[in-house]
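Letter by letter, the chains look like this.
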Amino acid sequence: MSSSEQIVALHKQYVMPTYAPGLVLVKGKGAKVWDADGREYLDFLSGIAVVGLGHCHPNVVKAIRRQAGQLMHVSNLYYNENQPRLAEALSTRAMNGSKCFFCNSGAEANEGMFKLARLWGHAQGKSEIVTMRNSFHGRTLAALAATGQTKYQKGFDPIPAGFTYADFNDLASVRAAITDKTVAVLVEAVQGEGGILPATPEFMTGLRSLCNEKNILLLCDEVQCGMGRTGHWFGFQAYGIEPDAFSLAKSLANGFPIGALIAGPKLSDVFQPGNHASTFGGNPLACAAALAVIETITSEGLLENATKMGELLASLLAKKTRKFSFVKTVRGKGLMLGLVLDRPAKELEVLLREKGLITIATADTVIRFLPPLCVKPAQVRKAAKIVADACAAWQQKTAGGSP
Ligand SMILES: *Cc1c(COP(=O)(O)O)cnc(C)c1O
């Protein structure tokens, strides 16, 4: 048995089969990873938009090592030096007068955001949240209820009440979904799991006006599209609007688990002692890693790089896949890009991996590209070439016809 085969066998025996992993990865550096058998891959998945600075960025490694040897956890019954510093770094990059709550994952950040919205609306008898069809907000029960895709909810009823759905990029549909009970509208600036679908400018600015008009909250789920992924600190900033609160997780600490809820002045003091909590949330170690991430995005100019490399990747993908009839289009923002096919994309994902490029098929027909924000032009070119080669091989597989 190869070392990969041994790990796979052990995994199958002892780990619940919630995922169907593709490779045994043992080492990473920047945009590259290596499997247990020594093969090198270009990682354009980044652990699903988590490793934004690339694998093992020295600044993050150093911050974690240093903090791990000093103080890892004290609970929130005591102050720690890093939590307010991280809150300042996030708040000053988001909305004036905002404050943060820290937790451990995207779903947990969203749960906190729903509780915050409900507490704000409680006195007026408002509790329902309008979310978008095709959205994704996580796997805990309320996050599942918020997720506007029934395939994730099947088998887990009763699904918590208090969520209704509207069509993404359709303002009239959101307006129609709002009732006297509505407290908030929840949206992703770029739907990730839903297939890399950016909100239109009219939709985002329209939602802001609509929420103001109805005196309800606008909430953004920035778990995937936040932290520089779109070339802005936060995805909503491309639209010139501010939500009343938003959630973060995935790439906030480059792979160290952390989630955050950032709320503007309307909501920043709604939670009071006893309303909400998280044992691990905001511990010195997670916050040290996240602080290193924010400092590095700034010092290495990674927002600009995400914009530039995103444009390069989008244009190369469009150019090199134009001749394949099964490719419909390339869409997305910054380094959050999707190659949209007219058929299931899983087979192409596997072909790409065999040729050394890690991506992920999503929403059935879309190949999703989420390279690290530090990706270099040569790596983007190499990835685009692998995509072209894999498309050609896929076409060939069915004797010159379409696959
Ligand atoms: C991944 C994701 C989540 C869930 O985050 P977890 O950390 O897995 O709980 C929520 N919302 C969006 C937009 C995501 O992409």
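Residues numbered from 1 in each chain as written. Predicted model: local features only at pLDDT ≥ 70, side-chain atom pairs only at ≥ 80, totals over all residues. Heavy atoms only, no water.

A.B. asks: Tell me about the packing of aromatic side chains, residues and numbers included.
C.D. replies: Counted by the stated rule, this structure contains eight aromatic pairs. Where Phe 234 meets Phe 246, the ring centres are 4.7 Å apart and the plane angle is 50°; that geometry is what we call tilted. Taken together, the positions of Phe 234 in the loop between β10 (217-221) and β11 (245-248) and Phe 246 in strand β11 put the pair 12 residues apart, joining distant regions of the chain. Note on accessibility: Phe 234 and Phe 246 belong to one class, buried. One aromatic cluster is present, formed by Phe 234, Phe 236 and Phe 246 through successive ring pairs. The ring of Trp 34 carries Lys 27 above its face, with NZ or CZ at 4.7 Å from the centroid. The cationic tip of Arg 93 hangs over the ring face of Trp 233; the distance from NZ or CZ to the ring centre is 4.7 Å. (Phe/Tyr/Trp six-rings, centres within 6.5 Å; stacked < 30°, edge-to-face > 60°. Helix = DSSP H or I, 4+ residues; strand = E, 2+ residues; numbered from the N terminus. Buried < 20%, exposed > 50% of the residue type's maximum accessible area, 1.4 Å probe, protein only. Lys NZ or Arg CZ within 6 Å of the ring centre and 35° of its normal.)

A.B. asks: For the nonpolar core, give the residues involved together with the corresponding values.
C.D. replies: Counting 97 residues, the largest nonpolar core has Leu 90, Val 174, Val 185, Met 227 and Phe 369 as its most contacted members. Counting residues per element, this core draws most heavily on helix α10 (residues 284-299), which supplies nine residues. When residues no more than four places from it in sequence are discounted, the contact partners of Val 185 are Val 130, Met 132, Val 174, Ile 178, Leu 207, Cys 211, Ile 216, Leu 217, Leu 218 and Leu 219. Within the second largest apolar cluster, 23 residues are counted, among which are Phe 114, Leu 186, Leu 219 and Phe 271. (Core = buried A, V, L, I, M, F, W, Y, C linked by side-chain atoms within 4.5 Å. Contact = heavy atoms within 4.5 Å.)

A.B. asks: Kindly report on the domain arrangement of the protein, identifying the contributing residues and their values.
C.D. replies: Accessible area lost during the coming together of the parts is what is often quoted as the interface size. Partitioning the protein into structural domains gives domain 1 (3-56 + 301-396) and domain 2 (59-299). Taking the mean C-alpha position of each, domain 1 and domain 2 sit 26 Å from one another. Taken together, the two surfaces of domain 1 and domain 2 that pack against each other cover about 2400 Å², and 63% of this comes from carbon and sulfur. When residues of domain 1 are sorted by the area they lose upon contact with domain 2, Leu 303, Lys 333 and Met 336 head the list and together hold 29% of the total. Where domain 1 touches domain 2, the interface holds one salt bridge. Here Glu 193 makes a salt bridge to Arg 368, at a shortest N to O gap of 2.9 Å. For the side of domain 1 that touches domain 2, the secondary structure elements donating two or more residues are α2 (46-49), α11 (302-321), β13 (327-333), β14 (336-341) and β17 (366-369). For the side of domain 1 that touches domain 2, the element with the highest residue contribution is α11, accounting for four residues. Residues of the side of domain 1 that touches domain 2, tallied by class, amount to 18 nonpolar, nine polar and three charged. (Domains from an automatic or database assignment. Buried area = accessible area lost by both parts, 1.4 Å probe. Salt bridge = Lys/Arg side-chain N within 4 Å of Asp/Glu carboxyl O. Nonpolar A, V, L, I, M, F, W, Y, C, P; charged D, E, K, R; others polar.)

A.B. asks: Can you break down empty space enclosed by the protein residue by residue, with the values?
C.D. replies: Summed over all chains, the structure comprises one cavity of 30 Å³ or more. Within this model, the largest cavity holds a volume of roughly 30 Å³. Along the walls of the largest cavity sit His 73, Val 74, Ser 75, Asn 76, Asn 80, Gln 83, Thr 279, Phe 280, Gly 281, Gly 282, Asn 283 and Pro 284, which together make up its complete lining. When the residues that make up the lining of the largest cavity are grouped by side-chain class, the tally is three nonpolar, nine polar and no charged. (1 Å grid on protein atoms, 1.4 Å probe; cavity = no way out; pocket = protein on both sides within 12 Å on 5 of 7 lines; lining within 4 Å. Points joined across faces, edges and corners; volume = space filled by probe spheres on them.)

A.B. asks: Can you break down the pattern of salt bridges residue by residue, with the values?
C.D. replies: The full count for this structure, using the stated rule, is 11 salt bridges. Across the pair Lys 266 and Asp 244 runs a salt bridge, and its minimum N-O distance is 4.0 Å. On the criterion of sequence distance, the pair formed by Lys 266 in the loop between β12 (259-263) and α10 and Asp 244 in the loop between β10 and β11 is long-range, its members being 22 residues apart. By relative accessible area, which is 9% here, Asp 244 ends up buried. Residues joined in a network through salt bridges with shared partners are Arg 208, Asp 244 and Lys 266.

A.B. asks: Describe unusual backbone geometry, and please don't skip the residues or the numbers.
C.D. replies: The step from Asp 157 to Pro 158 runs through a cis peptide bond, and the omega angle for that step is 5°. Here Pro 158 is to be found in the loop between α7 (150-153) and β6 (163-166). The phi dihedral of Ile 48 falls on the positive side, at around 60°, and the residue is not glycine. Turning to its location among the elements, Ile 48 is positioned in helix α2.

A.B. asks: Tell me about the site of the ligand, residues and numbers included.
C.D. replies: Around the ligand, the neighbouring residues are Ser 105, Gly 106, Ala 107, Asn 110, Phe 136, His 137, Gly 138, Glu 188, Asp 221, Val 223, Gln 224 and Lys 250. Asp 221 is positioned with one of its side-chain polar atoms (N or O) 2.7 Å from a nitrogen atom of the ligand. Gln 224 places a side-chain nitrogen or oxygen 2.8 Å from an oxygen atom of the ligand. When isolated, the ligand has an accessible area of 380 Å², and the protein chains bury 81% of it. (Near = heavy atom within 4 Å. Polar contact = N/O pair within 3.5 Å; in protein donor to acceptor, adjacent residues only side chain to side chain. Areas by Shrake-Rupley, 256 points an atom, 1.4 Å probe, with all protein chains shown as cover.)

A.B. asks: Talk me through the sheet that holds strand β4 (residues 99-103); I want residue IDs and the actual numbers.
C.D. replies: Read across the sheet, seven strands follow the order β4-β12-β11-β10-β7-β5-β6 without closing on themselves; strand pairing throughout is mixed. Both edges of this open sheet fall to β4 and β6, since each of them pairs with a single strand only. For this sheet the average axis-to-axis angle between neighbouring strands, irrespective of direction, equals 20°. As defined by bridge partners, strand β7 (residues 182-187) adjoins β10 across four bridges and the pair is classed as parallel. Bridge pairing links Ala 184 to Leu 217 in β10. Against the sheet, helix α4 (residues 82-91) touches β4, β11 and β12, its axis set at about 125° to β4. (Pairing = 2+ DSSP bridges. Axes fitted to C-alpha atoms, helices over the stretch in contact; angles between N-to-C directions.)

A.B. asks: Give a description of the sheet that holds strand β3 (residues 40-43) that names residues and reports values.
C.D. replies: Across the sheet, which stays open at both edges, the four strands sit in the order β1-β2-β3-β15 with mixed pairing between neighbours. Whereas interior strands pair on both sides, the edge strands pair on one side only; in this sheet they are β1 (25-29) and β15 (357-358). The pairing of β1 with strand β2 (residues 32-35) spans four bridges and is antiparallel. Following the sheet pairing, Lys 27 is matched in β2 by Trp 34. In this fold helix α13 (residues 377-397) packs onto β2, β3 and β15, with an angle of close to 100° to the strand it touches most, β3.

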